[in-house]
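# Geometric and topological summary
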Amino acid sequence: YGLVGESGCGKSTLGRSVLRLFDITDGEIEFAGQDIAKMSDKQLKPLRRRMQAIFQDPYSSLNPGMTVAQLIAEPMKIHGYGKQQRETRTLELLEKVGLKAEHLNRFPHEFSGGQRQRISIARALSVNPEFVLCDEPLSALDVSVQAQVVNILQDLQQALGLTYLFIAHDLSMVRHISDRIGVMYLGTLVEEAPAETLYTEPAHPYTRALLASIPVADPHVQMLDQGGIKGELPSAMSDWPGCKFCNRCPRAMDKCQSQSPVMQEISPGHRVACWLFENS
């Protein structure tokens, strides 16, 4: 599941709330048929091993004072894996992400950004999770390395049956890796659809503007003005009754100012929160 939107719209907050790294003030978080939003740390611990995270900057998310072997084995130690089991699994995971046994006793600063992110992936998978939050795992990497990391993520997903919540700014990469995509604006999901549908039949004016902003890698192709986003991004703390996008929307109506639109299905699996589709 891909999640896209402008910086500050709440993508990472949503992802970390799903993992209960943040406590939510309202609503529910359902995981494996249970509402985990109000669970205590003790109640959550058995579920923690089933959901893990890969963060944006591997250098800041890896303890610089621990070796690769210690970093990968630490989650297993917390969840009660035996010493022999930890050592075997650590070596196995290191090979899965394209590193070698000789890297086990090295520290994070001895690796490149791409290699550090591979270590982060191995650590996230150490306790056999079912769900992995990928919180902009490519944005700190060189373009040449991004494709390698995406290929590793896809191969591991197929081999281990993983579910990803993939948060990113790179719309082309999100299209490549996702089955379904959600579009966020100021903390609200405004559109959700199968990946190909979202890119070929975008419905919400905000989604259309986002897709129109994707640069074309051809100097002879002139990008079209598809009614891009105008005006300033309002504060996420602002409280008004209507659509949060209406002050920047080229197709805003009077109703948009006073009533917040609800999600409605406009085609199978394609949902949008916009009054333009009220009678569809």
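The structure displayed is predicted, hence computed values, not measured ones.

### Looking at the overall build of the chain
When its secondary structure is counted, the chain shows 11 helices and 10 strands. Along the first, second and third principal axes, the C-alpha atoms of the chain reach 65 × 50 × 35 Å. A sequence separation of at least 24 residues applies to 60% of the contacts in the chain between residues at least 6 apart. Of the accessible surface of the chain, which amounts to about 14,700 Å², a share of 49% is contributed by carbon and sulfur atoms. Distance from the positive charge centre (28 side chains) to the negative charge centre (32 side chains) of the chain: 6 Å.

### As for the packing of helix α4 (residues 68–78) against helix α5 (residues 83–96)
For the pair α4 and α5, interaxial distance at closest approach is 9 Å and the crossing angle is 120 degrees. Relative to α5, the element α4 lies oblique. The chirality of how α4 crosses α5 is right-handed. Contacts between α4 and α5 involve Val68, Ala69, Ile72, Ala73, Met76 and Lys77 on the former and, on the latter, Arg86, Arg89, Thr90, Leu93 and Leu94. Here the residues of the contact of α4 with α5 sort into seven nonpolar, one polar and three charged.

### Section: the pairing of strand β7 (residues 180–185)
Every other side chain in a regular strand lies on the same face of the sheet, so the side chains alternate between the two faces. Most of β7 sits out of view: five of its six residues are buried. In this structure, β7 lies alongside strand β8 (residues 188–194), joined through six bridges in antiparallel fashion. Bridging from a neighbouring strand, Gly182 pairs with Glu192 of β8. Linking β7 to β8, which pair antiparallel, is a turn of two residues; within it Leu186 sits at a positive phi near 50 degrees.

### Some thoughts on empty space enclosed by the protein
Scanning all chains against the criterion turns up three cavities of 30 Å³ or more. Approximately 60 Å³ is the volume attributed to the largest cavity. Lining of the largest cavity is provided by Pro205, Cys243, Phe245, Cys246, Cys249, Arg251, Cys256, Pro261, Cys274, Trp275 and Leu276. Broken down by class, the residue content of the lining of the largest cavity amounts to 10 nonpolar, no polar and one charged.

### What about the packing of aromatic side chains?
Two aromatic rings are characterised by how far apart their centres lie and by the angle between their planes. Enumeration according to the criterion identifies four aromatic pairs in this entry. Ring centres 6.5 Å apart and planes at 65 degrees place the aromatic pair Phe31 and Phe131 in the edge-to-face group. In this pair, Phe31 sits in strand β2 (residues 30–31) while Phe131 sits in strand β5 (residues 131–135), placing the two residues 100 residues apart along the sequence. Residue Phe131 is classed as buried on the basis of its relative accessible area, which comes to 13%. Pairing Tyr206 with Phe245 gives two aromatic rings, centres 5.4 Å apart and planes at 65 degrees, and the pair type is edge-to-face. With Tyr206 in helix α10 (residues 205–212) and Phe245 in the loop between α10 and α11 (254–258), this residue pair connects regions lying 39 residues apart in the sequence.

### Structural notes on the sheet that holds strand β6 (residues 163–167)
If you walk across this open sheet you meet the eight strands as β4-β5-β6-β1-β7-β8-β10-β9, and the pairing is mixed. Edge strands, defined here as strands with exactly one partner in the open sheet, are β4 (51–54) and β9 (264–267). Pairs of neighbouring strands in the sheet enclose a mean axial angle of 20 degrees, with direction left out of account. Examined bridge by bridge, β9 and strand β10 (residues 270–272) share three bridges and lie antiparallel to one another. What sits directly across from Ser267, in β10, is His270.

Thresholds, definitions, all that
- Residues numbered from 1 in each chain as written.
- Predicted model: local features only at pLDDT ≥ 70, side-chain atom pairs only at ≥ 80, totals over all residues.
- Heavy atoms only, no water.
- Helix = DSSP H or I, 4+ residues; strand = E, 2+ residues; numbered from the N terminus.
- Contact = heavy atoms within 4.5 Å.
- Areas by Shrake-Rupley, 256 points an atom, 1.4 Å probe, with all protein chains shown as cover.
- Lys, Arg positive; Asp, Glu negative; His and termini not counted.
- Charge placed at Lys NZ, Arg CZ, Asp CG, Glu CD.
- Axes fitted to C-alpha atoms, helices over the stretch in contact; angles between N-to-C directions.
- Parallel < 35°, antiparallel > 145°, perpendicular 65-115°, else oblique.
- Left-handed = near helix turned anticlockwise from the far one by under 90°.
- Nonpolar A, V, L, I, M, F, W, Y, C, P; charged D, E, K, R; others polar.
- Buried < 20%, exposed > 50% of the residue type's maximum accessible area, 1.4 Å probe, protein only.
- Pairing = 2+ DSSP bridges.
- 1 Å grid on protein atoms, 1.4 Å probe; cavity = no way out; pocket = protein on both sides within 12 Å on 5 of 7 lines; lining within 4 Å.
- Points joined across faces, edges and corners; volume = space filled by probe spheres on them.
- Phe/Tyr/Trp six-rings, centres within 6.5 Å; stacked < 30°, edge-to-face > 60°.

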